[in-house]
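# A closer look at the structure
Next come the chains, spelled out residue by residue.
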Amino acid sequence: KMPECRRLLGRFDAVSVREAEGIDIVRRDFDRHQVEKVLDPTLLLSATDYEALIAPDDRHSSPYIASYILDPDYDKTTILTQLATDKNLPISEISIDIRPEGMPTVSQWLANFADADFVVTDSFHGCVFSIIFGKPFIAIANAERGLGRFVSLLSEFGLMSRLVYSFDDFSTKRQRLLEPLDYSPVRQRHDALRHHSLIWLKNALEK
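What you see is a predicted model; the values in this text were computed from it and never measured.

### Looking at the environment of Ala204
As for its position among the elements, Ala204 is in helix H9 (residues 184-205). Note on Ala204: relative accessible area 16%, which makes it buried.

Below, the structure is given as structure tokens:
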């Protein structure tokens, strides 16, 4: 199957990946050396673009900590409990129920991030939307869902200090994580990376 995958990938005029390790994979396993690292597509839009998708009825009026946890465990629950005590805020869980009756709408899902005072997540896109909306957040390492994605994203935005691996790690970094997060350099970096990614996409589409 790999030879066929290599052949098919070779038919593309342009190939991009979103993680640094993806470049190595494409070059090593698929023998494709022209590959570009760009932003995840969700990061090509601004907070204003996403805010336009949120219905007024889905907005929140009271402060809370948004919890977007895909794979719950003891450490993650304990981190949330400690943070809620430290911040004196309630926890609002963002549903991951994929059944129609339990799944939040796009508007509700976005509003949970947009209106949060703080976000705790073990999800790559939980990190992404925390960054988009400029929220202080804690990213809990989730090796089951590809730790490289977290490291690549957070390194690129200078936010590796937001990553924790366990409750003990959280406890060690706790004071720093509770301090206000300056998003000015993050936004500057985001603007530069978005510009690079959009230019690459435009040139790729024009080939």
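What follows picks up the thread again.
### Remarks on the nonpolar core
Ranked by size, the top nonpolar core spans 36 residues in total, and within it Phe113, Phe129, Ile131, Phe137, Leu153 and Phe157 carry the most contacts. Broken down by secondary-structure element, the contributors of at least two residues to this core are strand E3 (65-68), helix H5 (106-114), helix H6 (124-132), strand E6 (137-140), helix H7 (147-156) and H9. In this structure, Phe113 is in contact with Tyr68, Ile94, Val119, Gly126, Phe129, Ser130, Phe133 and Lys135, ignoring residues within four places of it in sequence.

### Section: the sheet that holds strand E7 (residues 163-164)
Read from one edge of the open sheet, 5 strands run E4-E3-E5-E6-E7, paired in parallel fashion. Strands at the two margins of the open sheet, each flanked by one partner only, are strand E4 (91-93) and E7. Taken together, the 3 bridges between E3 and E4 define a ladder with parallel strand orientation. Pairing of Ile65 across the sheet is with Ile91, part of E4.

### Regarding the side chain of Asp115
Along the polypeptide, Asp115 turns up in the loop between H5 and strand E5 (118-121). At 2.5 Å, the side chain of Asp115 forms a polar contact with the side chain of Arg59. Those residues in contact with Asp115 that sit more than four places away from it in its chain are Asp58, Arg59, His60, Tyr64 and Lys135.

### Re the environment of Ser152
Secondary-structure assignment places Ser152 in helix H7. Of the residues examined, Ser152 reaches a relative accessible area of 10% and is grouped as buried. C-alpha separation for the pair Ser152 and Ala20, spaced 132 residues apart in sequence, amounts to 6.1 Å.

### Digging into the packing of helix H4 (residues 74-87) against helix H8 (residues 167-178)
Here H4 crosses H8 at 25°, and the two axes come no closer than 11 Å. Looking at the two axes, H4 sits roughly parallel to H8. The crossing of H4 and H8 is right-handed. When H4 is examined against H8, the residues Asp75, Thr78, Ile79, Gln82, Leu83, Asp86 and Lys87 are found in contact with a partner set consisting of Phe167, Phe170, Arg174 and Leu178. For the contact of H4 with H8, the per-class residue count stands at 5 nonpolar, 2 polar and 4 charged.

### Here's the deal with H8
Along H8, the residues classified as buried are Asp169, Phe170 and Leu177. For H8, the angular spread of the buried residues around the axis is 80°, confining them to a single face. Summarising the geometry of H8, the exposed residues directed more than 90 degrees from the buried face are Asp168, Thr172 and Gln175. Those residues of H8 that are buried lie in contact with H4, E5, E6 and E7.

### A closer look at the packing of aromatic side chains
Here the structure, examined in full by the defined rule, presents 8 aromatic pairs. Considering the side-chain rings of Tyr68 and Phe113, the 5.6 Å spacing of their centres and the 80° angle between planes classify their relative orientation as edge-to-face. Of this pair, Tyr68 sits in strand E3 while Phe113 sits in helix H5, and the two are 45 residues apart along the sequence. There is no split in this pair, since Tyr68 and Phe113 are both buried. Ring geometry for Phe129 and Phe133: centres 6.4 Å apart, planes at 35°, overall tilted. For the pair Phe129 and Phe133, a shared accessibility class is recorded, and that class is buried. A connected cluster of aromatic rings, assembled from ring pairs, spans Tyr50, Tyr68, Trp109, Phe113, Phe129 and Phe133. Here the basic side chain of Arg18 rests over the ring of Phe124, its NZ or CZ set 4.6 Å away from the ring centre. Over the aromatic face of Phe137 sits the side chain of Arg162, whose NZ or CZ is 6.0 Å from the ring centroid.

Reading the values: the criteria
Residues numbered from 1 in each chain as written. Predicted model: local features only at pLDDT ≥ 70, side-chain atom pairs only at ≥ 80, totals over all residues. Heavy atoms only, no water. Helix = DSSP H or I, 4+ residues; strand = E, 2+ residues; numbered from the N terminus. Buried < 20%, exposed > 50% of the residue type's maximum accessible area, 1.4 Å probe, protein only. Core = buried A, V, L, I, M, F, W, Y, C linked by side-chain atoms within 4.5 Å. Contact = heavy atoms within 4.5 Å. Pairing = 2+ DSSP bridges. Polar contact = N/O pair within 3.5 Å; in protein donor to acceptor, adjacent residues only side chain to side chain. Axes fitted to C-alpha atoms, helices over the stretch in contact; angles between N-to-C directions. Parallel < 35°, antiparallel > 145°, perpendicular 65-115°, else oblique. Left-handed = near helix turned anticlockwise from the far one by under 90°. Nonpolar A, V, L, I, M, F, W, Y, C, P; charged D, E, K, R; others polar. Arc of directions from axis to C-beta. Phe/Tyr/Trp six-rings, centres within 6.5 Å; stacked < 30°, edge-to-face > 60°. Lys NZ or Arg CZ within 6 Å of the ring centre and 35° of its normal.

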